[in-house]
Every structure is written in C-alpha cells, then in structure tokens.
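# Chains, contacts and geometry: an overview
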Amino acid sequence: MNIAANPVVEADQTVYLKDYQKPSYLVESIDLDIQVYDDHTQVNSTLVMQRQTSGDLVLLGRDLELKSITLNDQILSEKDYQLDSEQLIILNTPDQVNLKIEVVIHPESNTMLEGLYQAGDLFVTQNEPEGFRKITFYPDRPDVLSVFTTRVEADKKFPVLLANGNLLETGETGRDRHYAIWQDPTKKPSYLFACVIGDLAVLKDHFVTSEGRDVALEIYAIEKDIPKCHIAMEALKHSMRWDEEHYGRPYDLDNYMIVAVSQFNMGAMENKGLNIFNTSCVLADEEYTTDASIMRVQSVIAHEYFHNWTGNRITCRDWFQLCLKEGLTVFRDQSFSEDLQSAAVQRIDDVAVLKAHQFPEDSGPLSHPPRPDHFVEINNFYTATVYEKGAEINRMMSTLLGKEKFRKGTDEYFKRHDGQAVTVEDWVESLSAGSGVDLSAFLTWYNQPGTPKLEAKGEYNASAQTYTLSFKQSLKAHPKYPNLKAVPIPVALALFDAKTGQQYTLQSHDLFENNVQDGVYLFDQDEAVIEFTGVTEKPVVSLLRNFSAPVNLDFNYSDEELAFLLQYETNGFNQWQATQTLLERILLEGHDAQVYIEAIQQTLSFVIAKDPLLASRLFDIPSEGYLGSRIDTNYQPSALHESREKLVNTLAKGLGDFCKETYLSLDPIAQKDFSQAMGVRALKNIMLSMMARQGDVDVFDLAYSQYLETGNMSERLGALKVLVWNDAPQASNALQDFYRRFKDEALSLDQWFMVQAAHPKANAETIQYLTSHADYDLGTPNRIRSVSGGLNANPINAWSFGVQHFVDLAKYLDEKNPILGSRLLQVLSRWYTLAEPQRSEVKQRLESLKSDVKSKNVVETLNSMLSI
Ligand code: B3K
Ligand code: ZN
C-alpha cells in the first residue's frame, strides 16, 4: 500500500490548542529494527502499549509502505484497521497491546530532509516535530514517552551505525552487512529519536560530571573536517560545566555524540545523546569560517546541549508549547554566550536579531503569540516569535527575580517535572512557587501577539528636586485577538547627572513603594507614574537598560541626550541603543548627522581600548532591511537605499583621517583574547569600507593585501567584500582566487556565493549566473540560503528582480522541501508595505503562486501572507 505524499490542504486541517486530548495509549517500550539498503529501507517495530484513556489506538504515519501488522501475535487483515494518508487506526484493541509493524521507506529519495534521509553517503534523521511518522507508524506526539531500543543494520561500506543511548551489541549479518544495537534508558518522545548510518571520522574527548560520571564525547564528521571540530568540542565541555554551575544540571548518560551533516534544514537538533548538526553550526576554524560563525557554533553547541534538560528531560505536552523548550533554551544559550565574549555585544547582537526578525514578524500577517493557539503546519511555527520572543519572556522574569530567586524557580521546575511533558503554565507556576514571587501575569506575554509600545515621558521639577516618569503601554489591535491586555514590563532604568555624567543612586522608600527595586521598575498597568526625589540637577534618564523588555520604546530624547548616553551610559547595550536611535532619526526623520559623528569620535578611542568589539558595534548603521521593516506603508526601497547611502557617505567623510589611522593602528594578533581580536578585525573591516567611500586612492591596494596576506576568514572576507562591492580593479582576481582556495570547502564556498549575490548592483543575471553555477545545489539548503540571503541583503534588489527568485524557489521547494520553501517565501511577507505599483506587482505574483503549490507548509504561509 502506498500513501500519498503532501495531501492537499483542506479547510479543516487547522489544529487547535483547546482541542488537546491525552493519548489513548502510552508506549512502554519500542524496539526498532532499521535495515538500510541502496534502494529502500525496511523498518520493523515492536510496540508494547498500555491503554490510558478510552478511544481508538491511533498511530500516525506518512509516506510509508505498510507490509504487515501483528497485534498480540495475530496478523491483522484490512478489516481490522483503517488507513489513510496520515494515520492508521487499529480497531477494537484490548488494554494491553503488543504491536509489530513492518514498513518500507525510501530515504534514498527523501528530499524533504525530514524523517530518515540520505545526504550524500550519509543516512540521518530529523524527527522534530513530526518526522518520526515518516519512519514508522507511531503515536508521534511529544506527550508519549518511551524506552527506545534500536537495531541499525547496513552494508559495511557504512562503518558508522549510531542511535540514541548505550551501545549494547554489534555484529555481522553475512559477509557484507553489519549491525549495532543501541538502547536509550531514558524515556523520550519520538521526535528525539535519531540514527546515523555512514562513513565518518570521529573526534573523541571526555568530560567528568559533578556527579562523577565519565562521559565519552564524540563529534563525527567527514575525515577532512575533523580538525575543524575542536572549537565545538571545547564549547561542549564548557556548556556541560556551565549548566552544572548555573542551573545545577549534570549530564545523565555515558556518552554524548554530535554528527555533522551538510544537508540540513536548520541549525541543529537536540536528539537525546545524539545531536545532529548542520555543518555550519559545528565546523569552526578561523581559516575557513568567520568569527561570527565561530560564535554561532559555540552558541548552537550550547543550545542543543542545554536542551538535554530543557526540552528532553522535561519536554512539551504538545507542539503549541514549543516556546516552553525553545524560549527557555535560547535564553540559556544567550546567557552562556554572554559569559564567552563581551556581554554587552552578545546582548546587542541578540536584540538586533529580535528587532530585525521578530518585531517585523509580529507586526505583519504572520504575527502570532509565542504560544500559538492554532496552526495548520507546526513546522511553520519555528519562528523568531517562538524562539526569540520566547527567550525574552524568560529574560524578563529572570531580570525581575534576580539570579538567586530565578535559580530557586528553575530548581523547582526540574524537581516537579523531570521526566514529564508539560505546559507553559507548569513552567510559570514552578518559577513562581520556587521564587516566592507570583509571575502568573507573565502568561499574558505567551498568549497574545504583537510588540507593545511603551510610551514614556519625563519631567523635572527643579524647585522640588523631583523627576517624574509617566508610562503608558498599548498594543496594535489584532483581528484574531480582540481582548489584548496590559503586560508586565520590567523597565530597567538609570538617571544620570546631566552635568557630570555621574549616575544617581536610586534608593528611597518612595521608589520602593512605586515598585522600583535595584533599578528595575515593574510597569504592569495601562498607565502609571513614578517619582524620583532628591534629584539635584535635571537628569538624563536611560530606559530599558540591557533591553529589559521586548517593546518599542517611545521617549522624546533630544539628539544631545542620546549623544550624552553614548558617552556616559555604563550599560554597553544602551550606549549602542543611543547610536541606533540617533541613526534611525537621521535616516528616517532627516536629523543632522553631525551630533552622531562628533559623539562617536569623542567616545571611540576610550571604548576601543576597553572593548573593541563593542566599539565596532557603535558603527552599526541600521540595515536597509531593518529600516524597511520599520515602515508600514508606502515603503520605497530605492528611496531608502539612497538616503542610507547618503548618510554612510556623510559619515565616511565626516570621520576623515580617523578611518585610516584606526585601520593602521589596530592589530588583531596583539589582542589578549578572541573577543577582542574579533572586535579589532570587525573594526578594521568597517574602516576599510569607510575608506572606500572616502575615495581613498590606496584603499583597494590595502584591501587586496589584507585579502592575500591573512589566514583568517573574517579578514579575508571583509577585504573581499570591499573589493567586490566597490567593483575594485582587483575584484575579479580576488573572487577567482577565493574560489580556487575554497572550492572543496562547502562552508567557505557558501560565502563566495553570498558575496556575489549581495553585491549592491547585482541583477537578475547575477542570480542566474550563481544559481546555474556547477556548485549551486538545490538539495543543499546552506547553498540556497547563501544566494537567497545574499540577495535579501539588498532590499532594493530583493523587492525587484528578487521577487521572482523567491517565488520560483517556493514553487520548486513546495514539492521537494516544503519546510525550506515556506521559510524562504516569508522573505516576501511585508509585500503589503510597498508603495505602488510595486505593491500590486508583488501581490499579483504571490496570488498566482497559489495555484502552483500544495504543501501544507507553503500553502499556510502563502494564505497568511495574503490575508492582510
Ligand atoms: N529543536 C530543533 C528545531 C527543529 C525544527 C524542526 N523544523 C532545533 C533547536 O531548536 O534546537
Ligand atoms: Zn532549540
């Protein structure tokens, strides 16, 4: 029996949180036998099940060839069950069930990268959220936890046979085939099942936990990539120690394996004891990958490791609760990364991602609460809102509680729910009970969409020596959520003496009564006023320090006050925020750039000496993509492009010799740690691009020497961008050289594609050239993303000839890889903000795509995008 792939989306395919019901059967154990052959894979499973509630025995399955079913030793015939393209219902089952099922699947032709699939010479799994049902029939839902025993059998040309847990047995079956049997002692949901079959080398290490468990650590990759796995291994050991020290969570198995695969839809996957990683998130080496990707490797390694407690040992009851594990784990990995590098810069980078991706998502047609209440395709909800806004909610609660109480809260969560599949309510209740602070009001953040607007006004009364701050919060009306409520907003704040730059100490019983503690004011009504006394001079207030809440702040700062904060604020994040607000005003409201130029010149040498990475971020000029996302109607990418170009040119001119002097004075080698060296490299690259704008005659020679002489990818790529994007005479030599050096290094070659796609003057022919290049591969998401991401770096291009590129991709991927197709289509989700005639043109292209697509993923996204 064959089951149709990709059922056409029908109106009734929406799943609602309110309809959640417990599963009728639980699975005590599952024995899986996976036999891989060249042209098919045989999967035999034995499930020991126990009735939990009344109701049919429902097993989910997709794209499976069913060969046989045996129930309590009786072979079933077609009258004993109902089968359709999504599920198998076994009729009239007793309370105790022993079910044997045989199916055949086709990983060799699985292009969706979900379930078990072949990627080159490697067979790997990706089962979250609903991939396991493509391996065998199973109650494939996160609230069914079971003990998995897995036998993997394959040809000996695949020497590595891995699955979760402990290796129990290996052996041969005939001359050419062999097998391995693994057992995972911890109960887990099917989405955490993994197996890997292939020919891989391994990097080994070990880690002794605080409980004395000696854990074998193994990172598997193709032989030539093993030297690029050391940074990941160090990050893994660091994460293991960090989770013990910060959350009291030691690792619980005797081994921890990571496998690198080049064809993967996202970053990585936290399968129990057997993580599977996109190569881009595990391979790190300064010769081949950039500083940013090295930082990303460390944070993703930590993220997947931290899931062992927040996600695996305590998992989600249903997929609506996804942000329970993702929001908490992102918050944990962000905190980990803050300990690795400049904490201020980590926060800056995390907030930049939030503002560039989550804020626009939450203000457009794809807006949804961090815990959605309905979906058609859950894969469409691995969003910035679930992940990043989810993390912000946890950060707010942690800011409010402070370290100690937050830890008491998390301890309580682990104590209450270890081994369970739970909800967001369970999490907030545990945190409240453990900390002794009622946090239930924060549930509102999980349940409603939109970015709150926080309006604040300050008034100084010189004779009374008081400073009054009034607050007001509001949310844009949402058609699907009519009853939007005020949310608790922790506002971290500081007052500075405008004359001396000294920070006032915030302490008085007035402040306490107004709910201000340790510089954090909890604003949880529609409106409120607080008063500071004993303020002897008109102060400058710094609000939302460290971005203490994910809101849009509206405070009427003067440009001079922002320049003051850039100079005197001791919180690095708010220093950066001051530059961003200033620059946004210059760009979108036509303010004079001079205040920024002067302030940055005054501040910079001091910041460079202290934290060069932070200094580099103070030059962040909001991207055209980000600025575009702040415009809700009549958006003209070309006009925005021009005004931003004008500003950058003015800045470059205004900075004068400062650029070259800074470029020549900085030496990455002389820095004391990676964070500082990374900062110096970033600054040098910024200065180089500014010099190119100054028309400096030597700049391309300098850039070409930097390109040729360095062994560091951030330096090489920074120089390559300056050469290529400015059409320097050396550009084509540099591009050819780069290709020659890195043609066999997929991650480096991705950058070669990206640099060309991101050329400001790229056109349809550029994209045509890149996508028909011999090294372009529609089966490798990283390569697709390198061209699409590069193209999207210039909205003026993305919104013109780029539209066809994204529409064509969505159409192609709809059948081949709908998860990726849906994701890439979202690049166009703000089409409705464009000025005419572009708006109607893009809309029409999206409308005409409707009849060409049928996957739930792409159809749901397209329908939502057009629903505005
Ligand atoms: N939990 C996985 C994401 C799975 C995405 C499926 N479309 C990776 C992570 O967040 O750690
Ligand atoms: Zn995650």
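Residues numbered from 1 in each chain as written. Chains lettered and ligands numbered in written order. Predicted model: local features only at pLDDT ≥ 70, side-chain atom pairs only at ≥ 80, totals over all residues. Heavy atoms only, no water.

### As for the site of ligand 1
E128, E270, E304, N379 and Y387 are the nearest of the 14 residues found near ligand 1. Within the contact set of ligand 1, an oxygen atom lies 2.5 Å away from a side-chain nitrogen or oxygen of Y387. Considered on its own, ligand 1 offers 340 Å² of accessible surface; in the complex 93% of this is hidden by protein. Listed by contribution, the elements that provide at least two residues to the shell around ligand 1 are strand 20 (268-269), helix 2 (291-306) and helix 3 (322-340). Looking at side-chain class alone, the shell around ligand 1 contains six nonpolar, three polar and five charged residues. (Near = heavy atom within 4 Å. Polar contact = N/O pair within 3.5 Å; in protein donor to acceptor, adjacent residues only side chain to side chain. Areas by Shrake-Rupley, 256 points an atom, 1.4 Å probe, with all protein chains shown as cover. Helix = DSSP H or I, 4+ residues; strand = E, 2+ residues; numbered from the N terminus. Nonpolar A, V, L, I, M, F, W, Y, C, P; charged D, E, K, R; others polar.)

### Some words on helix 10 (residues 572-589)
Helix length check: helix 10, at 18 residues, gives a terminal C-alpha distance of 25 Å against a target of 26 Å (1.5 Å per residue), a fit within 8%. Burial of helix 10 is extensive: 15 of the 18 residues sit out of reach of the surface. Just past helix 10, the residue G590 takes up positive phi, approximately 75°. (Expected span 1.5 Å × (residues − 1). Buried < 20%, exposed > 50% of the residue type's maximum accessible area, 1.4 Å probe, protein only.)

### A word on the coordination of the zinc ion (ligand 2)
Looking at the zinc ion (ligand 2), one finds its protein donor set to be H303 (NE2), H307 (NE2) and E326 (OE), positioned 1.9 to 2.0 Å from the metal centre. Taken in chain order, the donor set of the zinc ion (ligand 2) reads H-x3-H-x18-E. Taken together, the residues H303 in helix 2 and E326 in helix 3 connect sequence positions 23 residues apart. Pair check on accessibility: H303 and E326 agree, each one buried. (Donors = N, O, S within 2.8 Å, 3.2 Å for Na, K, Ca; no water.)

### Re the sheet that holds strand 13 (residues 160-163)
The four strands lie next to each other as 10-11-16-13, forming an open sheet whose pairing is antiparallel. One side of each edge strand has no neighbouring strand; the edge strands of this open sheet are strand 10 (115-119) and strand 13. Direction aside, the axes of adjacent strands within the sheet are offset by 15° on average. Relative to strand 16 (residues 195-198), strand 13 runs antiparallel, the two being bridged by four bridges. (Pairing = 2+ DSSP bridges. Axes fitted to C-alpha atoms, helices over the stretch in contact; angles between N-to-C directions.)

### Observations concerning the side chain of S45
On the secondary structure map, S45 appears in strand 3 (residues 41-51). A relative accessible area of 3% means that S45 is categorised as buried. There is a polar contact of 3.5 Å between the side chain of S45 and the side chain of T136. Those residues in contact with S45 that sit more than four places away from it in its chain are I30, D31, L32, L99, K100, I101 and T136. (Contact = heavy atoms within 4.5 Å.)

### Some words on the packing of helix 4 (residues 343-363) against helix 10
In the contact formed by helix 4 and helix 10, the axes pass within 8 Å of each other and the chain directions differ by 45°. In terms of orientation, helix 4 and helix 10 fall into the oblique class. Pair helix 4 / helix 10 crosses with right-handed handedness. Between helix 4 and helix 10, the contacting residues are A344, R347, I348, V351, A352 and K355 on the first element and G572, F573, W576 and Q577 on the second. The residue makeup of the contact of helix 4 with helix 10, split by class, is six nonpolar, two polar and two charged. (Parallel < 35°, antiparallel > 145°, perpendicular 65-115°, else oblique. Left-handed = near helix turned anticlockwise from the far one by under 90°.)

### Some remarks on the nonpolar core
Membership of the largest hydrophobic core comes to 268 residues, with the highest contact counts inside it found for L59, L99, W427, L469, F471, L543 and L846. When residues in this core are grouped by element, the largest group, 10 residues, is from helix 5 (residues 384-417). If we ignore the near neighbours within four places in the chain, the residues touching W427 are L324, L328, N394, M397, F406, T410, Y413 and Y446. (Core = buried A, V, L, I, M, F, W, Y, C linked by side-chain atoms within 4.5 Å.)

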